[in-house]
Amino acid sequence: MTKIELGRLGIWRPWSELDPELAKDVEDLGYGAIWIGGSPRGDLKIAERLLAATDRIVIATGIVNMWDTPAEEVAASYHRLDGAYGGRFLLGAGIGHPEATQEYRSPYETIVQYLDRLDAEGVPVEGRVLAALGPKVLRLSAERAGGAHPYLTTPEHTRRARELLGDGPLLAPDQKVVLDTDPERARALAREKIGFYFKLRNYVSSWKRLGFTDEDVAGEGSDAITDALVAHGDPAAVAARLTGHLEAGADHVAVQVLAGQGEDPRPALRTIAETLSPR
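How each quantity is defined
Residues numbered from 1 in each chain as written. Predicted model: local features only at pLDDT ≥ 70, side-chain atom pairs only at ≥ 80, totals over all residues. Heavy atoms only, no water. Buried < 20%, exposed > 50% of the residue type's maximum accessible area, 1.4 Å probe, protein only. Helix = DSSP H or I, 4+ residues; strand = E, 2+ residues; numbered from the N terminus. Pairing = 2+ DSSP bridges. Core = buried A, V, L, I, M, F, W, Y, C linked by side-chain atoms within 4.5 Å. Contact = heavy atoms within 4.5 Å. Salt bridge = Lys/Arg side-chain N within 4 Å of Asp/Glu carboxyl O. Arc of directions from axis to C-beta. Axes fitted to C-alpha atoms, helices over the stretch in contact; angles between N-to-C directions. Parallel < 35°, antiparallel > 145°, perpendicular 65-115°, else oblique. Left-handed = near helix turned anticlockwise from the far one by under 90°. Nonpolar A, V, L, I, M, F, W, Y, C, P; charged D, E, K, R; others polar. Right-handed = clockwise from strand over helix to strand, strands pointing away.

With respect to the pairing of strand β11 (residues 253–257)
Alright, step 1. Burial analysis of β11 places five of its five residues in the buried class, the great majority of the element.
Alright, step 2. Here β11 shows two buried faces, one formed by Val253, Val255 and Val257 and the other by Ala254 and Gln256.
Alright, step 3. Pairing analysis gives three bridges linking strand β1 (residues 9–14) to β11, with the strands arranged parallel. From the neighbouring strand, Gly10 faces β11, where its bridge partner is Ala254.
Alright, step 4. Sheet topology places strand β9 (residues 174–179) next to β11; four bridges connect them, and they run parallel. Looking at the pairing, Asp174 lines up with Ala254 of β11.

Some words on the nonpolar core
Alright, step 1. Counting residues in each nonpolar core, the largest one holds 59 residues, and the members touching the most others are Tyr31, Ile34, Leu118 and Ile272.
Alright, step 2. Setting aside residues no more than four positions away along its own chain, Tyr31 makes contact with Leu9, Gly10, Ile11, Val26, Arg56, Ile57, Leu269, Ile272, Ala273, Pro278 and Arg279.
Alright, step 3. If you look at the next biggest cluster of nonpolar residues, it comprises 34 residues, including Leu152, Val178, Phe198 and Ala228.

Observations regarding the environment of Ala53
Alright, step 1. Relative to the assigned elements, Ala53 resides in helix α2 (residues 45–53).
Alright, step 2. The exposure class of Ala53 is partly exposed, given its relative accessible area of 28%.

Details of the pattern of salt bridges
Alright, step 1. As enumerated under the stated definition, the model contains 24 salt bridges in all.
Alright, step 2. When the shortest N-O distance is used, the salt bridge between Glu48 and Arg80 registers 3.2 Å. Here Glu48, found in helix α2, pairs with Arg80, found in helix α3 (residues 71–84); they are 32 residues apart in sequence, far enough to count as distant.
Alright, step 3. With its nearest N and O atoms 3.1 Å apart, the salt bridge here joins Asp174 to Lys176.
Alright, step 4. Exposure remark for Asp174: the relative accessible area of 1% places this residue in the buried category.
Alright, step 5. A network of salt bridges, in which partner residues are shared, links Glu184, Arg187, Arg191, Asp223 and Asp227.

Here's the deal with helix α5 (residues 135–144)
Alright, step 1. For α5, the complete set of buried residues consists of Val137, Leu138, Leu140, Ser141 and Arg144. Projected down its long axis, α5 shows its buried positions confined to an angular sector of 160 degrees, all on one face. Away from its buried face by more than 90 degrees, α5 exposes Lys136 and Glu143.
Alright, step 2. For α5, the elements touching its buried residues are α4 (107–120), β6 (128–130), β7 (147–148) and α6 (155–165).

Focus on the packing of helix α1 (residues 20–28) against α2
Alright, step 1. For the pair α1 and α2, interaxial distance at closest approach is 8 Å and the crossing angle is 50 degrees. Overall, the two elements α1 and α2 adopt an arrangement that is oblique. Here the hand of the crossing between α1 and α2 comes out right-handed. Residue-level inspection shows Pro20, Ala23 and Lys24 of α1 in contact with α2, the latter providing Arg49, Leu50 and Ala53.
Alright, step 2. The class makeup of the residues in the contact of α1 with α2 is four nonpolar, no polar and two charged.

Structural notes on the environment of Val238
Alright, step 1. Looking at the element boundaries, Val238 is found in helix α11 (residues 235–248).
Alright, step 2. Separated by 231 residues in the primary sequence, Val238 and Gly7 have C-alpha atoms spaced 18 Å apart.
Alright, step 3. Excluding residues that lie within four positions of it along the chain, Val238 makes contacts with Val177, Val178, Leu179, Ala231, His232, Gly233 and Ile272.

Thoughts on the pairing of β1
Regular strands have side chains that alternate between both faces of the sheet.
Alright, step 1. Within β1, five of the six residues are buried, leaving the element largely enclosed by the surrounding structure.
Alright, step 2. Two elements, β1 and strand β2 (residues 33–37), share four bridges in a ladder whose sense is parallel. Residue pairing for β2: Trp12 is matched across the bridge by Trp35.
Alright, step 3. Assessed by its sense of winding, the connection that carries the chain from β1 through α1 to β2 is right-handed.

These results come straight from atomic positions and should not be treated as a statement about function.
As structure tokens, this is what we get:
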């Protein structure tokens, strides 16, 4: 299996907010991938619907949760999709965070065992990526998967991740954006959307490794860490942050537009695509 080509930019969106019409529109805007967030079900029917509605865009999971989905189930789904849409499906998998399950075991060993089971079911290394924040899992992403899909990070994390991965493995971070030139309004929306993560120790530990302080990660986050995690401003400012990831070593950036409840992401995605070519 050859390396899947994602282009420079894709989008990240929860599975519950994706539909075939939006997928086709995103493809027409030139984006290279759609990352299905929110722990999609192991049958991957949502991925199948998006693939059927489009012609070239890659559909990726960001991520299938290893605690919720048996490896054998997701492997069967992988083979079904790869057989029908070869080269257009990428399996992103990870363990989420410890607060989400009462049966949370050793994270690293759980990932290794899950990958062993995917191997046994014939899911190719190049067809999967791992959610990875810390050095240990980033290295595993290079050894046992096609690369890494870090979530809620910064260009500096991307630079460090590339050093750990080395040349070759895919590095596809997520970047949240708010197209709004009012800093206070943009930060308020950002905190509404990401405040939850400040209660999760794996994210807080990752941010502290990047140099953020206890004061930065207290409550719903300081202005400094909010600005670092969520790009906001005019289209040029948002494009500069996305370019920052690419210049730091990312192959591809998954753009997550933060917006109000029910707000259509298309205008923001169109503006970003016009400012910075997704391909």
